[in-house]
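Survey of secondary and tertiary structure
Each chain, written out:
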Amino acid sequence: MRKFITKRLLQSVVILFFVSFIIYGIMRCMPTSYVETQARQLATQPGAKPYEEWVAQLNQSYGLDTGVVQGYCKWLSKAVRLDFGDSWAWNVPVLTKFGRVIWYSFILGLLSLILELVIAIPLGIISAKKQYSKTDYAATIFALLGISIPTFFLATILKWLFSVKLGWFDLFGVVGRMHEQLSPMGQMLDIAKHYVLPVFTLTAVSMGTMMRYVRTNMLEVMNSDFIRTARAKGVSEKRVVGHHAFRNTLIPIITLLGSSLPGLFSGALITETIFQIPGIGYTAYQSMVQGDIPFTMFYMVFLAVLTLLGTIIADILYAVVDPRVRVH
């Protein structure tokens with residue numbers, strides 16, 4: 001296992017190197033340029049230098065006057081020391097801004113993932129046990145609706161219904177106007193209230209995939225020979241489904257969970273933007289719009305790291321869940 005982990009980590013480092021280089025090249029080709037915007041603002045001031053001179057000066061200051069390869073090597077030499085520079089849009093170090101916004105996204109992602117598992121897994125098991133029944137059809141329709149409806153559409157409908165029409169929730173943000181005047185418990189409830197619609201949105205659009213995944217794998221396992229043998233021996237249906245069938249369904253579920261782990265920290269860009277939650281997704285969106293290369297570069301590389309870690313964790317958990325799996 002140790003040899004496998006070491007090998008996968010080394011492979012991940014190589015993959016991350018090429019991925020980060022591609023991302024850096026794309027960042028240098030962004031159509032929205034912070035440098036050009038700043039140069040225009042500075043050139044309009046009384047007695048200022050011409051626009052072209054400001055562009056050249058700012059490009060030199062931000063290291064954009066060199067080629068892509070030279071610029072990437074300069075970025076990489078700082079990144080390995082966890083120095084990602086200062087955010088152009090937020091005027092603070094990238095890691096400082098990241099530390100301020102990541103926990104909003106983590107709470108949103110964690111709550112959504114917990115609800116997804118609590119609802120989707122039992123629903124998938126029930127749907128598999130009652131295949132082709134009304135319960136199965138209802139669960140399937142519910143899952144397909146969640147998969148098919150775009151996130152922005154569902155979020156907009158929820159805001160229109162529960163915020164505009166019913167007035168139960170605020171339209172955006174994580175705190176209300178009177179947040180500071182509330183007691184500590186009131187402040188917690190205020191924040192929780194603002195998370196209801198975003199969490200429901202993420203859960204609704206993601207649980208369909210998990211539910212269908214569980215149902216499909218449960219049906220495959222329940223039609224296996226060892227399940228028929230267990231039933232022939234008189235094992236109760238509850239133990240057959242809960243112990244034998246579901247245990248063998250855990251491995252493919254872990255595959256899906258491994259790919260879901262990055263979502264705890266990567267943020268939900270569309271959901272956070274619509275509800276204006278100041279998480280990492282919303283911050284990254286604003287940085288991209290303003291051409292903030294340092295923060296956008298960090299965010300994209302951060303997503304790549306999370307994805308690689310999620311894959312490695314899923315592979316390791318295979319052997320933990322099923323001792324028959326041996327990694328060499």
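Look up a bit, the structure's there.
This structure is a prediction, so every number in the text was calculated from the model and none was measured.

This next bit is on the overall build of the chain. Looking only at helices and strands, the chain features 14 helices and 0 strands. Reading the chain from its N end, one meets helices and strands in the order α-α-α-α-α-α-α-α-α-α-α-α-α-α. Dimensions of the chain along its principal axes, counting C-alpha atoms only, are 90 × 55 × 35 Å. Per-residue burial over the chain gives 41% buried out of 328 residues. When contacts within the chain are restricted to residue pairs at least 6 apart in sequence, long-range pairs at least 24 apart make up 70% of them. Approximately 18600 Å² of the chain is accessible, and the part contributed by carbon and sulfur atoms is 67%. Where the 29 positive side-chain charges of the chain centre and where its 18 negative ones centre are 11 Å apart.

Moving on, we get to the nonpolar core. Formed by 30 residues in total, the largest nonpolar core has its most connected members in Val35, Trp75, Phe84, Trp88, Phe98, Ile280 and Met297. Elements with a contribution of two residues or more to this core: helix 1 (2-27), helix 2 (34-43), helix 3 (51-61), helix 4 (68-79), helix 5 (94-129), helix 13 (280-289) and helix 14 (293-321). For this core, the element with the most residues is helix 14, which contributes 8 residues. Residues in contact with Phe98, not counting those within four places in the same chain, are Ile280, Phe295, Phe298 and Phe302. One finds Leu219, Val221, Ile227 and Val240 within the second-largest nonpolar core, a separate group that totals 22 residues.

With that settled, the discussion passes to a nonpolar patch on the surface. Judged by side-chain polarity, Trp160, Leu161, Val164, Leu166, Trp168, Leu171 and Phe172 come together as a nonpolar surface patch covering roughly 690 Å² of accessible area. Here Val164 lies in helix 7 (residues 151-165).

What the rule picks out here adds up to 14 aromatic pairs. With centroids separated by 4.8 Å and ring planes inclined at 65°, the aromatic side chains of Phe84 and Phe298 adopt a geometry described as edge-to-face. Within this pair, whereas Phe84 is found in the loop between helix 4 and helix 5, its partner Phe298 is found in helix 14, the two being separated by 214 residues in sequence. By relative accessible area, Phe298 is classed as buried at 6%. Put simply, the rings of Phe17, Phe18, Phe21, Tyr24, Tyr72, Trp75, Phe84, Phe98, Phe295, Phe298 and Phe302 pair up and form one aromatic cluster. Against the face of Trp90 rests Lys97, its NZ or CZ located 4.1 Å from the ring centre.

Okay, the environment of Ser163 next. Its place among the elements puts Ser163 in helix 7. When its relative accessible area of 9% is taken as the criterion, Ser163 is described as buried. Each C-alpha atom, one on Ser163 and one on Leu197, is 9.5 Å from the other, the two residues being 34 residues apart in sequence. Setting aside its immediate chain neighbours within four residues, Ser163 contacts Leu158, Phe169, Asp170, Leu171 and Leu197. Polar side-chain contacts of Ser163 include one of 3.2 Å to the backbone oxygen of Phe169.

Each value, and the rule that gives it
Residues numbered from 1 in each chain as written. Predicted model: local features only at pLDDT ≥ 70, side-chain atom pairs only at ≥ 80, totals over all residues. Heavy atoms only, no water. Helix = DSSP H or I, 4+ residues; strand = E, 2+ residues; numbered from the N terminus. Buried < 20%, exposed > 50% of the residue type's maximum accessible area, 1.4 Å probe, protein only. Contact = heavy atoms within 4.5 Å. Areas by Shrake-Rupley, 256 points an atom, 1.4 Å probe, with all protein chains shown as cover. Lys, Arg positive; Asp, Glu negative; His and termini not counted. Charge placed at Lys NZ, Arg CZ, Asp CG, Glu CD. Core = buried A, V, L, I, M, F, W, Y, C linked by side-chain atoms within 4.5 Å. Patch = residues over 30% accessible without salt bridge, like charges linked within 9 Å, V, L, I, M, F, W, Y side chains within 5 Å. Salt bridge = Lys/Arg side-chain N within 4 Å of Asp/Glu carboxyl O. Phe/Tyr/Trp six-rings, centres within 6.5 Å; stacked < 30°, edge-to-face > 60°. Lys NZ or Arg CZ within 6 Å of the ring centre and 35° of its normal. Polar contact = N/O pair within 3.5 Å; in protein donor to acceptor, adjacent residues only side chain to side chain.

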